[in-house]
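Here is what each chain is made of, one letter per residue.
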Amino acid sequence: MKIIRFLSLVCLVTIISVFSGFVASYRAMGVFDSRYLPPPIKLENFKEPPQIPLSNNAFAFADIAWRTFVTLNWPANDARPLEELALGQAPLAPRVWEFYRTPEEVFLANGENPLLNISNPFARTLKLDLIKGQGAGSPENNVELRKNLQNSRAWIEKVIKSKECPAKIEVSDEEKNLLLNNIPIVDRQGNYIIVESHLNPNEFKQIVDNEWYNASKLAEYNEKKNFQFKSTNSSIDAPIEVKAAWRVFDESSSPEEKARYYTTKRVLAISAEQYVCTTDNCRTDDPVLEEVEVGLIGFHIAYKIPKQQSSTPGWVWATFEQVDNLKVDNGPLGLKPTLSNPDCDPNDPNKGSCLPNYPYVEWPFLWRDRSPHAVTLTQDGKIKPQIPTQAVRLSEQRNCRSNQLSDSVKKSLQQQNENWQKKFQNVARNSVWQYYQLVGTQWVQNPPTVSQLTSLTSDRLISNSRTGTTPGPLFNVAMEAYSQTQVNGDSCIGCHVTATLPSSSGTSEKAMSDFSFLLQRAKSSRNNVSSDGKPNS
């Protein structure tokens, strides 16, 4: 057993060392390839995500990212792209990915078969669980999550004071277990950022066919029987996971501002204990259903591309943001960034709460029936608006740039973004998609090595992900502002390499889940208990 674990550790170090993002490959490639042009924005080019990169470098994976982004965001009906429309010609139509299943529709109580769960394919009702920050599910131990907020604040203060990148700071055992994504992000208008997740029909079918919705079934995977998603052909089984971040529009949002976003509406299901009513006719339902208009500000894609290397599939991560998240260039007069106050000075106490990526939100996290919706309660029971998050991109800070992209490479990426944005303008002059940008990509440089990985404890995975060549930080500030200081992985790969399957046996070592965290939501059919031994809700 010790030999197996040692070999597993060696394999992990090997795969981490060959992981790559924009850093190494873009430096090797040099500057922007002026011959590259995005394909015409026609459905024939975007019916399916691309199956193979043009080459094995960062510029090719940026092309993969943009093509997948356009394919997923094509106007659709019942998950089928509309033949008569082009991207940008139907700003209010639902998108292909919005018809994908949500984890809540797949992983049901008692490990039930999700095929029995009949739901509307698009009219989304999102369970807004502010106790968990960004996500959905039943409220857990409030005291522990409250403690998590306090400890997270202490850790981020430690990072800020050190003036070092988080990876260089000594970390305690308690700090390793912080849940930074379980804290809500608040935009400059005082509303919570809403995050939802989806998985494509290919991944859903694999989960159903293999009964992976049942934690008892997943517990069968171990060191000898590795878990893997298939990805042999993009039209058959290539899995895709999507995470979308929304900002809430209110009466202060101008038409000129909203014209720069893909907008839609979501119905939020808010638990009664988290809902603050300010009218005389308060609803008594639990949960309370409230419809809000939202704009897309972040879009994260994980795609197991079928033919990345000699017909071997490998995961590709790509993250996109709306261009006004941190600064506004060429926007309407008076438009301010969504997640950053440019006039804020963290060294001047008279200029507001400006610590970068610091969770100013206070417990309890509550939703008010009028804007700004993000509120809390004072000790004497009065309603108090939550303080907005001052988001910054940590990798752009001077003290974190040692392993970052050179200025020439950044210019290359910017040029590629501009080429796609111009394509969108050519389709429709006022296309909202011209206001989105690719922040970066990461991928598995040597996919065959992945199959050699076996189960390891989280501590060993985390510690060894920092050996060898790290892929370079990559975060989406709309979803991961606080996580930029994360101690257990400072990138998509550094985080997802720790994903494991639930284990009904409660052992400390769990089988790896092929980089997907979604399987951890599976419930067990045995004795009506979940994988962690707690009763199912």
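Please read all numbers here as calculations on a predicted model, not as lab measurements. (Residues numbered from 1 in each chain as written. Predicted model: local features only at pLDDT ≥ 70, side-chain atom pairs only at ≥ 80, totals over all residues. Heavy atoms only, no water.)

1. Structural notes on the overall build of the protein
Here's step 1: What the protein contains, in helices and strands, is 13 helices and 14 strands.
Here's step 2: For the protein, long-range pairs separated by at least 24 residues make up 73% of all intrachain contacts whose partners lie at least 6 apart in sequence.
Here's step 3: Working note: accessible area of the protein is about 23600 Å², and carbon and sulfur atoms make up 49% of it. (Helix = DSSP H or I, 4+ residues; strand = E, 2+ residues; numbered from the N terminus. Contact = heavy atoms within 4.5 Å. Areas by Shrake-Rupley, 256 points an atom, 1.4 Å probe, with all protein chains shown as cover.)

2. Remarks on the nonpolar core
Here's step 1: Counting 88 residues, the largest nonpolar core has Phe69, Trp74, Phe299, Phe320, Leu339, Trp367 and Trp433 as its most contacted members.
Here's step 2: The leading source of residues in this core is helix 3 (residues 58–72), at 10 residues.
Here's step 3: Every residue in contact with Phe69, bar those within four places of it in the chain, is listed here: Phe299, Ile301, Phe320, Trp433 and Tyr436.
Here's step 4: With 29 residues, the next largest nonpolar core counts Ala302, Val497, Leu501 and Leu519 among its residues. (Core = buried A, V, L, I, M, F, W, Y, C linked by side-chain atoms within 4.5 Å. Buried < 20%, exposed > 50% of the residue type's maximum accessible area, 1.4 Å probe, protein only.)

3. What to know about the pattern of salt bridges
Here's step 1: Evaluation of the coordinates by the stated rule reveals 18 salt bridges.
Here's step 2: A salt bridge links Arg521 to Glu104, with the nearest nitrogen and oxygen atoms 2.8 Å apart. Here Glu104 lies in helix 4 (residues 103–106) and Arg521 lies in the segment after helix 13 (492–496), a separation of 417 residues in the sequence.
Here's step 3: On the basis of relative accessibility, which here comes to 28%, the residue Arg521 falls in the partly exposed class.
Here's step 4: Where salt bridges share partners, they join Glu98, Glu196 and Arg266 into one cluster. (Salt bridge = Lys/Arg side-chain N within 4 Å of Asp/Glu carboxyl O.)

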